[in-house]
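# Inside the fold
Next come the chains, spelled out residue by residue.
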Protein chains: 2
Amino acid sequence: MLDEHIRGYISANAQRFLDELKELIAIPSISALPEHAADVRRAAEWLTAHIQERIGLRTTLIETSGHPLVYGEWLGASGKPTVLIYGHYDVQPVDPIALWRTPPFEPTVAGDYLYGRGAVDDKGPAFAILKALETLCTVEGGLPLNVKVVMEGEEELGGPSIAAYVQANPRQLAADCVLILDTGMAARGVPTITYGLRGIITFEIAARGAAHDLHSGLYGGVAPNPIQALCWVLADLKGRDGRINLPGLYEMLRPVGNDERQIFQAQSAEQEQRLQAGSGLRELVGEPGYTSVERGTARPTFEVHGIRGGFTGEGSKTVIPAEATAKCSMRLVADQPQHAVLELVRQRVAALAPPGVTLEVIEGHGSDPVTVPLDSPAMRAAAAALEDEFARPVAFIRSGGSIGIAAELYTVLQQPIVMMGFCLAEDNMHAPNEQIYLPNFYAAIRSVAGFLKNLARELIRGATPKT
Amino acid sequence: MLDEHIRGYISANAQRFLDELKELIAIPSISALPEHAADVRRAAEWLTAHIQERIGLRTTLIETSGHPLVYGEWLGASGKPTVLIYGHYDVQPVDPIALWRTPPFEPTVAGDYLYGRGAVDDKGPAFAILKALETLCTVEGGLPLNVKVVMEGEEELGGPSIAAYVQANPRQLAADCVLILDTGMAARGVPTITYGLRGIITFEIAARGAAHDLHSGLYGGVAPNPIQALCWVLADLKGRDGRINLPGLYEMLRPVGNDERQIFQAQSAEQEQRLQAGSGLRELVGEPGYTSVERGTARPTFEVHGIRGGFTGEGSKTVIPAEATAKCSMRLVADQPQHAVLELVRQRVAALAPPGVTLEVIEGHGSDPVTVPLDSPAMRAAAAALEDEFARPVAFIRSGGSIGIAAELYTVLQQPIVMMGFCLAEDNMHAPNEQIYLPNFYAAIRSVAGFLKNLARELIRGATPKT
C-alpha cells in the first residue's frame with residue numbers, strides 16, 4: 001500500500017506536474033522531420049535541466065550521430081537493486097494537421113484529457129516516471145533503490161542512436177530490470193503489464209520505369225507503369241485474406257500455446273469493441289482462423305503506410321509516371337528476426353518485378369520481437385503496485401506495437417523488462433488529437449512510486465501474475 | 001505546288017513568326033491549376049487580339065462557365081467550302097519542374113528546337129495555322145475559302161466548355177470539314193494524317209477505411225488498409241499480361257481488319273524504336289499477341305496516373321491511413337462509348353471492395369473514340385499538301401491519344417476531320433522539356449496554306465490516300 005505522504009505529495013502538486021508536462025509537450029520534438037532537429041534538442045535540454053535541478057539526479061546530455069540521449073542516475077542506495085528507466089521525448093509528425101481540433105503543440109486540457117502531440121506517446125508516461133522519482137526524493141529524502149534514466153529522441157524513427165549506445169556501453173547501463181512506460185492498457189481501469197512486443201521492419205519499395213513521365217496517349221498500352229507495378233507487388237505481398245505471401249515467414253513463428261490462445265479468446269470481444277470505438281470502423285478484418293487479439297499482437301503484419309507516384313495535384317494529368325514509391329512496414333513476432341524477414345521481402349520483391357520496371361527495397365529501421373517471462377521479482381513488484389493503484393488484478397498482455405530499444409536492452413542486459421501501460425486505445429496515438437487521460441497520468445506516477453518501493457523492500461505481498 | 005510568293009512570305013517572316021510564338025508560350029496557361037486561371041484568360045486575349053489585328057478575322061472572346069473560347073471567322077469566299085479550324089491554347093502542368101533544363105515558360109531556342117511548355121501541344125501547331133491564314137491574307141489579299149477558327153482553353157482537362165458550346169451552336173460552327181493540328185508524325189520527315197483517335201475516360205478511385213489514421217502497432221492485423229485495398233483493386237483491374245479485367249470491354253471493339261493489321265505490323269519496328277528512344281525504356285510491354293502499334297492505338301488502355309495515400313513525407317510514420325486515392329484513365333477505341341465503359345468500371349470496383357473499405361469512383365472528363373473515313377476531298381487536299389511539302393507519301397495512322405472535341409465535332413457536324421500531325425515522339429509532350437522541331441513549325445504553316453488552296457481549287461492532283 002502506497003504511503004499516505006507519497007499520495008499526499010502527488011495530490012498537492014498535481015497542477016504543477018500538469019503545467020510542467022504541458023511545457024514539455026509544447027516543444028515540437030518531431031524526430032522524423034529534419035526541420036525540427038533544433039526542437040528535438042530543445043526537448044532534450046529541457047528534460048536534462050528538469051531531471052538535474054528539480055529531481056536531483058546527476059545528468060548528462062549524451063551526443064550521438066542523431067538526436068541526443070538524456071541520461072541521469074542516482075546511485076545512493078548501496079546494496080539495493082538498480083532499475084534502468086527508459087522513455088522517449090520525441091514525437092510523431094502531426095499531419096494531417098487539418099484534423100486536429102486543437103493545435104498539436106499547444107497542449108490543451110478539456111475535461112479529463114490533455115490534448116497534444118506526445119501527450120500519451122511518450123511524454124506523458126515518461127514524465128510520470130520522473131514525477132514519481134521527484135516525489136520519492138522529496139518525501140523520503142532519496143530513492144529506495146538505484147536508478148538510471150535514459151531518454152531518447154529517436155524512438156519514432158527506430159532509435160538507431162540508442163541502440164548503438166546500448167551496444168557500446170552495456171556496463172554503464174547495467175541494471176537488475178528495465179522499466180518502460182510506453183505501452184497500452186487492456187481497457188480503461190484495467191492495470192496492464194505488457195510482456196510481448198512485436199518487432200518491426202520498415203522499408204520503401206521504389207518502382208522505376210521510363211527515364212521521365214510519358215504521355216499516356218502516346219505510350220498507353222506499350223510502356224510499363226511503375227504505379228501499376230507497385231500495385232501488383234503490394235497486392236501479391238498481402239492477399240485479400242490478410243495472409244502475407246513471403247515463403248518461410250510463418251514457419252519462423254514460435255507456436256502460441258493453448259493457454260495463451262484461451263487468454264486471447266477471452267480478451268477478444270472487449271478488445272474488438274475498443275478498437276472499433278477508437279477507429280470508427282464498421283468491422284475489423286484480418287486472417288481467418290485467429291482472434292482479433294492474436295491477429296493484433298501475436299501474428300506478423302504487412303502494412304503500407306504511404307504511397308506516392310505520378311500526378312497527385314488538383315485536376316488531371318494523363319502521364320505514365322517514371323516512378324512510384326510505397327512506404328511499408330512489417331510487425332514481427334518471436335521468433336522472426338528483423339534481418340531474416342527483410343531478406344525474405346527483398347527476395348520476393350525481386351521475383352515480382354514485371355518487365356520494364358526496376359524494383360528496389362530500401363531498408364528503414366527495425367527491431368526484433370521480444371517476449372519477457374512473467375515470473376520475476378520485478379514483474380511481481382510491478383503487478384503489486386498496479387493492483388494497489390487500480391484495485392483490480394493485472395492483465396498481462398502482448399502488444400501489437402514495437403519498442404525498438406526493449407528488444408535491444410533485453411538482449412544486452414538479460415534482465416526483465418517491465419512495461420506498465422497507461423495508453424488507452426482511444427488516445428489517438430500517432431493520429432490527430434492525441435490525448436492522455438489525466439487520471440492515468442497520476443495513476444502512473446503513483447504506480448511507479450509503488451513499484452520502486454516494492455522492488456526495494458522486496459515486499460511483494462505474494463502477488464503472482466494473473467493472466 | 002505551293003506558290004513561290006507564299007513560300008517567300010513565310011521565309012521572310014520566319015523570325016517574327018517564331019518571336020510571336022514565344023510570346024504565346026511565355027503565358028503559363030495551365031488549365032488544370034486554378035491558380036493559373038488568369039493566365040489562361042491572358043492567353044485567350046492575346047490570341048483574340050492577334051487574330052483580329054494581325055490576320056484580320058472577325059473575332060470574339062466567348063465566355064463559358066470555364067475558360068473562354070477564342071472564335072474568329074472570315075466568310076468572304078462566297079460559294080467556296082468552309083473549314084472549321086480547331087486548336088487549344090491551354091497547356092499541361094509542368095511538374096516535375098526540377099527535370100526541366102530551361103524554365104517551361106521562358107521559351108528557349110537551341111539548335112533546331114524551341115523548348116517550352118505548350119511548344120508542340122498545342123501552341124506551336126495551332127499558331128502555325130494562324131500564320132498560314134496570315135500568309136494567304138497578306139500575299140493574296142484574302143483567303144481562298146471560308147474559315148472559322150475556334151480555340152479552347154480546356155483541352156488538357158477534357159474540354160467541357162467547348163463540348164457544350166458545340167452542342168448548343170451547331171449552325172454557327174457548320175463547315176465542310178474540320179482541320180486540327182494536334183497529333184503526331186509517324187516519324188521525322190514522314191507526312192502524317194491521323195484518321196483514328198482513342199477516346200478517354202478519367203476517374204479517381206478513392207478508398208476509405210477508419211475515421212482517421214490508425215497506429216499500425218495497435219491496429220496492424222485487424223484494421224483494413226485503404227492503400228492495400230486500392231492496390232488489390234488496381235492489380236485486379238489490369239493484369240500482369242496487360243489485359244484489362246472489365247467483363248464486356250473487349251467485346252465492344254470494332255474488329256480490326258487484316259489490311260489494317262498488316263499496316264500496324266509494317267509500322268511497328270520503327271515505332272518501337274522511336275518509343276524506346278523517346279522514353280529511355282529498355283523494353284516495351286503490353287498485351288501478348290498484338291503489335292506495339294495496335295497496342296498503342298487500336299486497343300483500350302488502363303493507366304494509373306497518380307496515387308497518393310498515408311504518410312509520404314521524409315522519414316517514416318507507421319500509420320494505417322484513413323484513405324488513399326488513385327487518378328486513373330482509360331483510353332478507348334471505336335466502338336467503346338465513354339459512358340458505357342465508365343459504368344463497367346463502377347460495377348467492377350464496387351464488386352472488388354474488401355471488408356471495411358469503401359470504394360468510390362469519381363468521374364472526371366471523357367470523350368468517345370473516333371475514326372474518320374480516309375476518302376474525302378478534304379483528306380485528299382490535305383494529303384496533297386503534305387506530299388508537296390515533304391516529297392513523300394503520306395502515312396495514315398491511328399493515334400493513341402484523345403482529342404475530346406474531335407469526337408464531338410465529328411458527331412455534330414458529320415464532316416471529315418483532317419488531322420495533320422507535326423509532333424514527334426521525342427518532343428516530350430506532357431513531360432519536362434517539351435519542344436517543337438522548328439522545321440516542323442514552318443512545314444506546318446506551308447502545309448496548311450497548301451491544304452486551304454487545294455481544297456478551295458479542288459485541285460486534288462488525283463492524290464489518293466496511301467497507307
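Sequence order as written defines the numbering, with residues in each chain counted from 1. All chains are assigned letters beginning at A, and all ligands numbers beginning at 1, according to the order in which they are written. Only residues with pLDDT of at least 70 get local features here, since the model is predicted, and only at 80 or more are side-chain atom pairs given and counted; chain-wide, interface and lining totals rely on the full set of residues. To get the side-chain values, take all heavy atoms of the structure and skip hydrogens and water.

When the copies are superposed, the least-squares fit takes in the C-alpha atoms of residues with a pLDDT of at least 70 in both. You can overlay chain A on chain B at an RMSD of 0.1 Å; the transform is a turn of 180° with a shift of 0.0 Å along its axis. Both chain copies can therefore be described as sitting about a two-fold axis. Of the interface residues in chain A, 100% have counterparts in chain B that sit at the interface too, so the contact is made through matching surfaces. What makes two residues a contact is simply this: any of their non-hydrogen atoms within 4.5 Å.

A few words now on the interface of chain A and chain B. Contact residues are listed per partner, giving 90 residues for chain A and 90 residues for chain B. In this description, buried area is defined as the sum, over both parts, of the accessible area (probe of 1.4 Å) that is lost when the two are combined. Each partner contributes to the roughly 7,700 Å² buried at the junction of chain A and chain B, and carbon and sulfur atoms together form 56% of this total. By definition here, a salt bridge exists when the distance from a side-chain nitrogen of Lys or Arg to a carboxyl oxygen of Asp or Glu is within 4 Å. At the junction of chain A and chain B, the tally comes to 0 salt bridges. Polar contacts, as counted here, are pairs of nitrogen or oxygen atoms within 3.5 Å of one another; within protein the pair requires one atom able to donate a hydrogen and one able to accept it, and residues that are adjacent in sequence qualify only if both atoms are side-chain atoms. Seen at the junction of chain A and chain B, the total is 46 residue pairs in polar contact (both at pLDDT 80 or more). For helices the rule is a DSSP run of H or I covering at least 4 residues; for strands it is a run of E covering at least 2, with both sets numbered from the N terminus onward. Here the side of chain A that touches chain B gets 10 residues from one element, more than from any other, and that element is strand S11 (residues 301-310) of chain A.

A few words now on the pattern of salt bridges. All names here are of chain A. Tallied over the entire structure, the rule returns 50 salt bridges over all chains. Lys453 serves as the salt-bridge partner of Glu140, at 2.6 Å between the closest nitrogen and oxygen. In this pair, Glu140 is assigned in helix H4 (residues 119-140) and Lys453 in helix H13 (residues 438-457), connecting sequence segments 313 residues apart. Arg346 is the salt-bridge partner of Glu363, the closest N and O atoms lying 3.6 Å from each other. One end of the pair, Glu363, is in strand S14 (residues 358-367); the other, Arg346, is in helix H10 (residues 338-352), with 17 residues separating them in the sequence. One network of salt bridges, in which partners are shared, links Arg16, Glu20, Arg54, Lys131 and Glu134.

When two rings of Phe, Tyr or Trp (its six-membered ring) have centres within 6.5 Å they constitute a pair, described as stacked for plane angles under 30 degrees, edge-to-face for angles over 60, and tilted for the intermediate range. According to the stated counting rule, one finds 14 aromatic pairs over all chains in the structure shown. Ring centres of Tyr9 of chain A and Phe17 of chain A lie 6.3 Å apart, and the angle between their planes is 55°; on these two criteria the pair is classed as tilted. In this structure, Tyr9 of chain A and Phe17 of chain A share a single accessibility class: buried. Ring centres of Phe203 of chain B and Phe302 of chain B lie 6.3 Å apart, and the angle between their planes is 45°; on these two criteria the pair is classed as tilted. Of the two residues, Phe203 of chain B sits in strand S9 (residues 199-208) while Phe302 of chain B sits in strand S11 (residues 301-310), which places them 99 residues apart along the sequence. Both residues of the pair, Phe203 of chain B and Phe302 of chain B, count as buried. An aromatic cluster is built from Tyr113, Tyr115 and Tyr437 of chain A, whose rings are joined through pairwise contacts. A positively charged side chain is recorded as over a ring if its NZ (Lys) or CZ (Arg) lies within 6 Å of the ring centre. The angle to the ring normal must also be within 35 degrees. The ring of Tyr437 of chain A carries the charged tip of Arg188 of chain A above its face, separated from the ring centre by 4.3 Å. For Arg243 of chain A, the ring lying beneath its charged end belongs to Tyr250 of chain A, and the centroid distance is 4.1 Å. The cut-offs for exposure are 20% and 50% of the maximum accessible area for each residue type, with area from a 1.4 Å probe on protein chains only; residues under the lower value are buried, those over the upper are exposed, and the others partly exposed.

With that settled, consider the pairing of strand S2 (residues 69-74) of chain A. As a general feature of sheets, a regular strand has side chains that alternate between the two faces. Residues and elements named next belong to chain A. Here S2 lies mainly inside the structure; 5 of its 6 residues are buried. Linking strand S1 (residues 58-62) back to S2 in an antiparallel pair, the connection comprises 6 residues. Think of it this way: DSSP has to see at least two bridges between two strands before they count as a pair. Two elements, S2 and strand S6 (residues 146-152), share 5 bridges in a ladder whose sense is antiparallel. Each residue of the ladder has a partner; that of Val70, found in S6, is Met151.

The next subject is the state of the cysteines. By disulfide we mean two sulfur atoms from cysteines, separated by a distance within 2.5 Å. Across all of its chains, the model carries 0 disulfides over all chains by this definition. Here Cys231 of chain B is not cross-linked by a disulfide; its sulfur's nearest cysteine counterpart is in Cys231 of chain A, at 3.9 Å. You can call Cys231 of chain B buried: its relative accessible area is 0%. For Cys328 of chain B, which is in no disulfide, the shortest distance to another cysteine sulfur is to Cys231 of chain A and amounts to 8.5 Å. Residue class for Cys328 of chain B comes out buried when judged on its relative accessible area of 2%.

It is worth spelling out helix H11 (residues 377-390) of chain B at this point. Residue and element names in this part refer to chain B. The length a helix should cover is 1.5 Å for every residue beyond the first. Helix length check: H11, at 14 residues, gives a terminal C-alpha distance of 20 Å against a target of 20 Å (1.5 Å per residue), a fit within 8%. For H11, the complete set of buried residues consists of Ala378, Met379, Ala381, Ala382, Ala383, Ala384, Ala385, Leu386, Glu387, Asp388, Glu389 and Phe390. Residues of H11 that are buried sit in contact with helix H1 (4-12), strand S7 (177-180), strand S8 (192-197), strand S16 (395-398), strand S17 (417-420) and helix H13 (438-457). Of the residues one or two after H11, Ala391 is the one with positive phi, at around 55°.

Turning next to the environment of Ser399 of chain B. Residue and element names in this part refer to chain B. Within the fold, Ser399 resides in the loop between S16 and helix H12 (404-413). Separated by 204 residues in the primary sequence, Ser399 and Tyr195 have C-alpha atoms spaced 7.7 Å apart. Ignoring sequence-local partners within four residues, the contact set of Ser399 consists of Thr194, Gly196, Leu197, Arg198 and Thr297.

The end-to-end C-alpha distance of H13 of chain B, which contains 20 residues, comes to 29 Å, matching closely the 28 Å that a straight helix rising 1.5 Å per residue would cover. Taking burial as the measure, the 20 residues of H13 of chain B include 18 buried ones, the bulk of the element.

Turning next to unusual backbone geometry. Across residues other than glycine, the phi torsion is negative in most instances, and most of the peptide bonds are trans. Residue and element names in this part refer to chain A. Looking along the chain, the bond that leaves Ala334 and enters Asp335 is cis, with omega of 5°. Assignment of secondary structure puts Asp335 in the loop between strand S13 (323-332) and H10. The backbone of Gln414 shows a phi angle near 55°, a positive value even though the residue is not glycine. Structurally, Gln414 can be placed in the loop between helix H12 (404-413) and strand S17 (417-420).

What follows concerns the packing of helix H5 (residues 160-168) of chain B against H12 of chain B. Residue and element names in this part refer to chain B. Angles run from 0 to 180 degrees between N-to-C directions of axes, and those axes are lines fitted to C-alpha atoms, restricted for helices to the stretch in contact. Contact geometry of H5 with H12 gives a least axis separation of 10 Å together with a crossing angle of 5°. Between H5 and H12, the angle is such that the two are roughly parallel. In contact with Ile162, Ala163, Val166 and Gln167 of H5, H12 contributes Ile405, Glu408, Leu409 and Val412. Classification convention: Asp, Glu, Lys, Arg as charged; Ala, Val, Leu, Ile, Met, Phe, Trp, Tyr, Cys, Pro as nonpolar; all other residues, Gly among them, as polar. Here the contact of H5 with H12 is composed, by residue class, of 6 nonpolar, 1 polar and 1 charged. For classification, angles of less than 35 degrees are called roughly parallel, those exceeding 145 degrees roughly antiparallel, those between 65 and 115 degrees roughly perpendicular, and all remaining angles oblique.

Residue and element names in this part refer to chain A. Of note, Pro34 is situated in the loop between helix H2 (14-25) and helix H3 (37-55). Pro34 gets classed as exposed once you look at its relative accessible area, which sits at 54%. Pro34 sits 111 residues away from Leu145 along the chain, and the two C-alpha atoms are 39 Å apart.

Assignment of secondary structure puts Glu154 of chain A in the loop between S6 and helix H5 (160-168). Separated by 2.9 Å, the side chains of Glu154 of chain A and Ser161 of chain A make a polar contact.

Below, the discussion takes up the sheet that holds strand S14 (residues 358-367) of chain B. Overall, antiparallel pairing links the 8 strands, which are arranged S14(A)-S9(A)-S13(A)-S11(A)-S11(B)-S13(B)-S9(B)-S14(B) in an open sheet. Every interior strand has two partners, whereas the edge strands, S14 of chain A together with S14 of chain B, have only one. The sheet shows a mean angle of 25° between the axes of neighbouring strands, taken without regard to direction. As paired strands, S11 of chain A and S13 of chain A are joined by 8 bridges and run antiparallel to one another. Bridge assignment links Glu303 of chain A to a residue of S13 of chain A, and that residue is Ser329 of chain A. Together, S9, strand S13 (323-332) and S14 of chain B form the strand contacts of helix H10 (residues 338-352) of chain B, whose direction differs from that of S14 of chain B by roughly 165°.

Here we take up the sheet that holds strand S18 (residues 435-437) of chain A. By definition, the strands of a sheet pair up through backbone hydrogen bonds, in either a parallel or an antiparallel sense. All names here are of chain A. Sheet architecture is open: 3 strands sit in the order S4-S5-S18, paired in antiparallel fashion. Edge positions in the sheet fall to strand S4 (108-110) and S18, since each of these pairs with one other strand and no more. Strand-to-strand, the axes of this sheet are offset by a mean angle of 25°, without reference to chain direction. Across 3 bridges, S4 lies against strand S5 (residues 113-115) in antiparallel orientation. Bridging from a neighbouring strand, Ala110 pairs with Tyr113 of S5. Relative to the sheet, H2 contacts S4 and S5, its axis offset from that of S5 by approximately 25°. Sitting on the sheet, H4 is in contact with S5 and S18, with an inclination near 50° to S18.

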